[in-house]
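Next come the chains, spelled out residue by residue.
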Amino acid sequence: MIVKLILLSATIPLLATAFSTSSPSLQSLLSTHQSEIASLKQLATSLTTDESILPQNDVFYLRYLIDDTYTNPQQREDALKSNVQWRMNEGSSIVKAAHQAIRLATS
């Protein structure tokens, strides 16, 4: 019984280590991908300079970099272009209304 207890107490830290999922912080991801985020922002700005359409938040662009569905830079860029095009066209009224609401709420 004592041997089982000793073995169990020795195993618990190993199990905890095996199941711990150490994820990088948002800040470290933003820092790591800073230049790529800047490139995506530049691409988006080439499509529109309308502040209500174009997200300024780096997290918006980071998601294209950490999403596993994009296997290469061209796929990321195409997805971003598609998103910005939607924001400029079909989603324009939604995006502009949200931008206005945020601006009013934070002023």
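Shown above is the structure to which this text applies.
Scope of this entry: the structure provided in the associated data block. (Residues numbered from 1 in each chain as written. Predicted model: local features only at pLDDT ≥ 70, side-chain atom pairs only at ≥ 80, totals over all residues. Heavy atoms only, no water.)

Take the pattern of salt bridges next. For the coordinates displayed, the defined rule picks out 2 salt bridges. The closest approach of N and O atoms between D58 and K41, which form a salt bridge, is 2.5 Å. Taken together, the residues D58 in helix 4 (residues 58-66) and K41 in helix 3 (residues 34-47) connect sequence positions 17 residues apart. Since its relative accessible area comes to 25%, K41 is described here as partly exposed. Measuring nitrogen to oxygen at the nearest pair gives 3.7 Å for the salt bridge that ties D50 to K96. Taken as a pair, D50 in the loop between helix 3 and helix 4 and K96 in helix 6 (residues 92-105) lie far apart in primary sequence, 46 residues in all. Accessibility expressed as a relative area gives 28% for D50, which makes it partly exposed. (Salt bridge = Lys/Arg side-chain N within 4 Å of Asp/Glu carboxyl O. Helix = DSSP H or I, 4+ residues; strand = E, 2+ residues; numbered from the N terminus. Buried < 20%, exposed > 50% of the residue type's maximum accessible area, 1.4 Å probe, protein only.)

It is the contact of helix 3 with helix 4, at a shortest axis distance of 9 Å, that shows an interaxial angle of 105 degrees. When the axis of helix 3 is compared with that of helix 4, the two are roughly perpendicular. Contact residues: E36, I37, L40, K41 and A44 in helix 3; D58, Y61, L62, Y64 and L65 in helix 4. Looking at the contact of helix 3 with helix 4 residue by residue, the class counts come to 7 nonpolar, no polar and 3 charged. (Axes fitted to C-alpha atoms, helices over the stretch in contact; angles between N-to-C directions. Parallel < 35°, antiparallel > 145°, perpendicular 65-115°, else oblique. Contact = heavy atoms within 4.5 Å. Nonpolar A, V, L, I, M, F, W, Y, C, P; charged D, E, K, R; others polar.)

Function cannot be inferred from these measures alone, as they are strictly geometric.
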